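Inside the fold
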Amino acid sequence: MEQRRMRLGVIGTSGRARELIRYTVVDVDSIEIVALCDLVPERMEETMAVLKEKEYPFTPWCTTDYRQLLDKEKVDAILITTCWNEHIELAIACMEAGIPSAFEVGGASSIDQCWELVKAYERTKTPCFMLENCCFGRYELGVLQMIRAGLFGEIAHCEGGYQHYLGEGFAHGIEDAERYHQRSFHNLHRNGDLYPTHEIGPIAKYLDINRGNRFISLAAFASKAVSLNTIAGRSYGDGLQKFMEGDFVTTMIKCANGETIMLAHDTTLPRPYSRGNVVHGTKGTWMEINKSIHIIGQSPEHKWEDITPYLEKYEHPMWKRFQESGVHGSHDGMDYLEFEAFAYCVMNNKPFPIDIYDSAAWMAITILSEDSIALGSTPVAFPDFTNGKWIHRAPEERHDFSI
């Protein structure tokens, strides 16, 4: 008997939501979009137009009150694609209603918020899933397989970054931020690693964070804030409020098992896109930016090798199956895989591959990096959101969608 589709309600239907729906969600056979919610009716109309354009066989109902979606008789799960500041509040509301949810990355403005998210889960036992799509990337999952196979030996250091020139898109004043990009608010008023999860997500999996290892301290450094202010001054005049966010933010994290992690946030200086992933182990190194690998005793001495043959040998089962069926969906297929995993876990009562403790720890980097920078780049302690459970927690179940 064919398994029924997961009934999905969507809260927030602006640009990111429409992109996900157009290029990914409508193609996931296990999902049916049953409801849309947005404070701005015109956004829902635009999303309905996307569904019509894609010849979607279902017609969702619409509302401007998200509380109407918090009904287990109407939906099986909820997708939260609102502005950053609303993610945690809405995820907690879903947990209180007993409905699993998935929220887009970003969203914590205080450590208290991260604790509220954890405590809501522990109180309700209703899971929520951070949609950190880079954890589902082909290279990231392939390297994870290599690490688990011992190819790199013992891992000592990892690096990653969100290095993506977005300067012109952020250079808006407060009065324009609603019409353009909500990140403008954060760049105006905050100075820290505002978007760490793309790189820390895969790295946390490499190092078994919250499952036998954890982050214990962090120190962050910010360069001067000149690029956005230059762009904004050129575009909008010198009267624009000054942006606080440094052009280049570097964050160093120390782990309980001795590893170090270096993160880079670089969105306002001209450069091609890169997540800057690097893995250093006792037997070798992987570097994402030139798609290369060096394994002692296998690679030519002091020379890089193309990672492709290694990737093919250690291909993650999820990507083997995906390539056989045809890679599709936005962000090189990563979005499709995460939504397929989300629906599978909800409908089969499986643990999410990114759990509540992962979400809290990854988002906390933003707040702690702000604190460190404000204190002159002083190291700050990292909360243990598992309250000691990380010591004995086993690796997540290795079902088909596990990472």
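The structure contained in this document is the topic of the report that follows.

Calculation rules
- Residues numbered from 1 in each chain as written.
- Predicted model: local features only at pLDDT ≥ 70, side-chain atom pairs only at ≥ 80, totals over all residues.
- Heavy atoms only, no water.
- Axes fitted to C-alpha atoms, helices over the stretch in contact; angles between N-to-C directions.
- Helix = DSSP H or I, 4+ residues; strand = E, 2+ residues; numbered from the N terminus.
- Parallel < 35°, antiparallel > 145°, perpendicular 65-115°, else oblique.
- Left-handed = near helix turned anticlockwise from the far one by under 90°.
- Contact = heavy atoms within 4.5 Å.
- Disulfide = S-S within 2.5 Å.
- Buried < 20%, exposed > 50% of the residue type's maximum accessible area, 1.4 Å probe, protein only.
- Pairing = 2+ DSSP bridges.
- Expected span 1.5 Å × (residues − 1).
- Polar contact = N/O pair within 3.5 Å; in protein donor to acceptor, adjacent residues only side chain to side chain.
- Phe/Tyr/Trp six-rings, centres within 6.5 Å; stacked < 30°, edge-to-face > 60°.
- Lys NZ or Arg CZ within 6 Å of the ring centre and 35° of its normal.
- Core = buried A, V, L, I, M, F, W, Y, C linked by side-chain atoms within 4.5 Å.

**A few points about the packing of helix H5 (residues 138-148) against helix H9 (residues 197-206)**
Two elements in contact, H5 and H9, have axes whose closest approach is 10 Å; the angle formed by their N-to-C orientations is 20 degrees. Taken as axis vectors, H5 and H9 run roughly parallel relative to one another. Judged by the twist between their axes, the crossing of H5 over H9 is right-handed. Contact with H5, carried on its side by Glu-140, Val-143, Leu-144 and Ile-147, involves Pro-202, Lys-205 and Tyr-206 of H9 and no other residues of that element.

**Side note on the state of the cysteines**
All told, the structure shown has zero disulfides when counted by the stated rule. Here Cys-62 stays unpaired: no disulfide links it, and the sulfur of Cys-37, its closest cysteine neighbor, is 9.2 Å away. For Cys-62, a relative accessible area of 38% corresponds to the partly exposed category. Just so you know, Cys-128 is unpaired, no disulfide at all, and the nearest cysteine sulfur is the one on Cys-94, 8.5 Å from it.

**Quick word on the sheet that holds strand S11 (residues 278-281)**
An order of S14-S13-S12-S11-S7-S10-S9-S8-S15 is seen for the nine strands of this open sheet, with the pairing classed as mixed. Edge positions in the sheet fall to strand S14 (305-306) and strand S15 (380-381), since each of these pairs with one other strand and no more. For strand S12 (residues 284-287) and strand S13 (residues 292-295), the ladder comprises four bridges, and the chain directions are antiparallel. Paired with Gly-284 across the strands is Ile-295, a residue of S13. Of the strands in this sheet, strand S7 (155-163), strand S8 (215-222), strand S9 (249-255), strand S10 (260-266), S11 and S12 are in contact with H9, which crosses S7 at around 160 degrees.

**A word on helix H13 (residues 334-348)**
Here H13 is 15 residues long and its end C-alpha atoms lie 21 Å apart, about the 21 Å a rise of 1.5 Å per residue gives. Taken together, the buried positions of H13 are Met-334, Asp-335, Tyr-336, Leu-337, Glu-338, Phe-339, Ala-341, Phe-342, Ala-343, Cys-345 and Val-346. With its phi angle positive at about 50 degrees, Asn-349 sits one or two positions after the end of H13.

**What about the environment of Asp-38?**
By the element assignment, Asp-38 lies in the loop between strand S2 (31-37) and helix H2 (41-53). Taking the relative accessible area as the measure of exposure, Asp-38 reaches 6% and is therefore buried. Expressed as a C-alpha distance, the spacing of Asp-38 and Val-10, which sit 28 residues apart in the sequence, is 8.6 Å. Apart from residues lying up to four places away in sequence, Asp-38 is in contact with Gly-12, Thr-13, Ser-14, Arg-43, Met-44, Thr-63 and Thr-64. Within the structure, Asp-38 has its side chain in polar contact with the backbone nitrogen of Thr-13 (distance 2.8 Å).

**Observations concerning the packing of aromatic side chains**
Tallied over the full model, the rule gives 13 aromatic pairs. Their ring planes at 90 degrees and their centres at 6.4 Å tell us that Tyr-121 and Tyr-357 sit as a pair that is edge-to-face. With Tyr-121 in helix H4 (residues 111-124) and Tyr-357 in helix H14 (residues 356-374), the pair connects residues that are 236 residues apart, well separated along the chain. For Tyr-357, a relative accessible area of 6% translates into the label buried. Ring centres of Phe-322 and Tyr-336 lie 5.6 Å apart, and the angle between their planes is 10 degrees; on these two criteria the pair is classed as stacked. With Phe-322 in helix H12 (residues 317-325) and Tyr-336 in helix H13, this pair connects stretches of sequence that are 14 residues apart. One exposure class covers both Phe-322 and Tyr-336, and it is buried. Taken together, the ring pairs connect Trp-84, Tyr-162, Tyr-195 and Tyr-273 into an aromatic cluster. Its guanidinium or amino end placed over the ring of Tyr-121, Lys-125 lies 5.8 Å from that ring's centre, counting from NZ or CZ.

**Considerations on the nonpolar core**
Grouped together as the largest cluster of nonpolar side chains are 114 residues, with contacts concentrated most on Leu-117, Phe-152, Tyr-206, Phe-215 and Phe-385. By residue number, the principal contributor to this core is H14, which donates eleven residues. Dropping the residues within four chain positions of it, Leu-117 is found in contact with Ile-88, Ala-91, Ile-92, Met-95, Phe-103, Cys-128, Ile-356, Ser-359 and Met-363.

Nothing here speaks to function; it is geometry throughout.
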